[in-house]
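Descriptive analysis of the structure
Spelled out, the chains give:
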Amino acid sequence: MTAPDGISARHSARPGFLHHHASPLAVALLGGLMLAALLGWLGGWPTPVAAARNADAVLTVKAPATIRTGMFFEAAITVTPRRRFADLRIGLAPSLWRDVTQNTMIPAAAEEAFAGALFTFAYGPRTAGDPLEVKLDLQINPSLVGRTAGDIVVLDGETPVLRLPLALRVLP
């Protein structure tokens, strides 16, 4: 029996060992990606909590340390006053909000402003031991890749009381 035109005996020969199995390069690449994900280099670990405290207040921020561009995420800011605040405000550095879209902030601030190089959110008088928890729903804009960092500041009126630096690593 003769083979059709263009088909030779080598086309029907048994493949060699490397042609019969997956490429070692493909297995190494897939294994490397799986290892990177398992070690947390691609994000996905539980959300860390950063905290700062002094005699006037305790500030905790729960926000992811690593996230992918375009993703939605949640952050929680809790301020627990240790003394009476005449006008408790939370200040956010513009550098922290660069290429980040804020979808919601619950509870909403009584007043929002830009003052002293900070976005400020006023929540009014607060007594010692009465915590304020603010939930933010945010999205990383697709143009942000790399790192964004800035301070979260607790203020009493215009006076800074406590400062917490925060950084967010953004993967493509």
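What comes next is a walk through the structure. Keep in mind that this is a model prediction, so the values were computed, not measured. (Residues numbered from 1 in each chain as written. Predicted model: local features only at pLDDT ≥ 70, side-chain atom pairs only at ≥ 80, totals over all residues. Heavy atoms only, no water.)

**Overview of the overall build of the protein chain**
A tally of helices and strands in the protein chain yields two helices and 11 strands. Scanning the protein chain from its N terminus toward the C terminus, one meets helices and strands in the order α-α-β-β-β-β-β-β-β-β-β-β-β. What you see for the protein chain is a C-alpha radius of gyration of 27 Å, clearly larger than the 16 Å of a compact globule of 172 residues, by over 25%. Here the C-alpha coordinates of the protein chain stretch approximately 100 × 25 × 20 Å along the principal axes. When each of the 172 residues of the protein chain is scored for burial, the buried share is 34%. Placing the 15 positive and 13 negative side-chain charges of the protein chain at their respective mean positions leaves the two points 10 Å apart. (Helix = DSSP H or I, 4+ residues; strand = E, 2+ residues; numbered from the N terminus. Rg over C-alpha atoms; globule rule 2.2 N^0.38 Å. Buried < 20%, exposed > 50% of the residue type's maximum accessible area, 1.4 Å probe, protein only. Lys, Arg positive; Asp, Glu negative; His and termini not counted. Charge placed at Lys NZ, Arg CZ, Asp CG, Glu CD.)

**Focus: the packing of aromatic side chains**
Tallied over the entire structure, the rule returns one aromatic pair. Geometrically, the ring pair formed by Phe114 and Phe119 is edge-to-face, given 5.3 Å between the ring centres and 65° between the ring planes. For Phe114, a relative accessible area of 53% puts it in the exposed group. Directly above the ring of Phe85 sits Arg83, whose terminal nitrogen or CZ lies 4.4 Å from the centroid. (Phe/Tyr/Trp six-rings, centres within 6.5 Å; stacked < 30°, edge-to-face > 60°. Lys NZ or Arg CZ within 6 Å of the ring centre and 35° of its normal.)

**Regarding the layout of surface pockets**
Approximately 230 Å³ is the volume found for the largest pocket. Along the wall of the largest pocket there are 22 residues; nearest its centre are Val61, Ala63, Pro64, Leu96 and Leu166. Counting only elements with at least two residues in the lining of the largest pocket, the list comes to strand S1 (49-53), strand S2 (57-62), strand S4 (72-81), strand S9 (132-140), strand S10 (146-156) and strand S11 (159-171). In the lining of the largest pocket, the residues fall into 20 nonpolar, one polar and one charged. (1 Å grid on protein atoms, 1.4 Å probe; cavity = no way out; pocket = protein on both sides within 12 Å on 5 of 7 lines; lining within 4 Å. Points joined across faces, edges and corners; volume = space filled by probe spheres on them. Nonpolar A, V, L, I, M, F, W, Y, C, P; charged D, E, K, R; others polar.)

**Regarding the sheet that holds S10**
Whenever strands of a sheet pair, they do so through backbone hydrogen bonds, lying parallel or antiparallel. With mixed pairing, six strands are arranged side by side in an open sheet as S3-S11-S10-S5-S8-S7. What marks the edges here is a single partner per strand, and that holds for strand S3 (66-68) and strand S7 (111-115). Here the average twist between neighbouring strands, direction ignored, is 30°. Where strand S5 (residues 88-92) meets strand S8 (residues 118-122), four bridges bridge the pair, whose relative direction is antiparallel. (Pairing = 2+ DSSP bridges. Axes fitted to C-alpha atoms, helices over the stretch in contact; angles between N-to-C directions.)

**Side note on helix H2 (residues 24-38)**
Relative to the 21 Å expected for 15 residues at 1.5 Å per residue, H2 spans 21 Å between its end C-alpha atoms, a close match to the ideal helical length. Looking one or two residues beyond H2, the residue adopting positive phi is Gly40, at roughly 85°. (Expected span 1.5 Å × (residues − 1).)

**Regarding a nonpolar patch on the surface**
A cluster of nonpolar side chains, namely Leu33, Leu35, Leu38, Leu39, Trp41 and Leu42, defines an oily patch on the protein surface of about 630 Å² accessible area. Summarising the element assignment, Leu38 is placed in helix H2. (Patch = residues over 30% accessible without salt bridge, like charges linked within 9 Å, V, L, I, M, F, W, Y side chains within 5 Å. Areas by Shrake-Rupley, 256 points an atom, 1.4 Å probe, with all protein chains shown as cover. Salt bridge = Lys/Arg side-chain N within 4 Å of Asp/Glu carboxyl O.)

**Looking at the pattern of salt bridges**
The final tally for this structure, using the stated rule, is nine salt bridges. Two residues, Glu74 and Lys135, come together in a salt bridge whose shortest N-O distance is 3.5 Å. Here Lys135 lies in strand S9 and Glu74 lies in strand S4, a separation of 61 residues in the sequence. Using a relative accessible area of 29% as the deciding quantity, one classes Lys135 as partly exposed. With its nearest N and O atoms 2.8 Å apart, the salt bridge here joins Lys135 to Asp137.

**Here we look at the environment of Glu111**
Its place among the elements puts Glu111 in strand S7. Setting aside residues up to four positions removed in sequence, Glu111 forms contacts with Arg89, Thr120, Phe121 and Ala122. (Contact = heavy atoms within 4.5 Å.)

**What to know about unusual backbone geometry**
Geometrically, the link from Ile106 to Pro107 is a cis peptide bond, its omega value of -5° lying close to zero. Relative to the elements of secondary structure, Pro107 occurs in the loop between strand S6 (100-106) and S7. Although it is not a glycine, Asp99 adopts a positive phi angle of roughly 60°. One can find Asp99 in the loop between S5 and S6.

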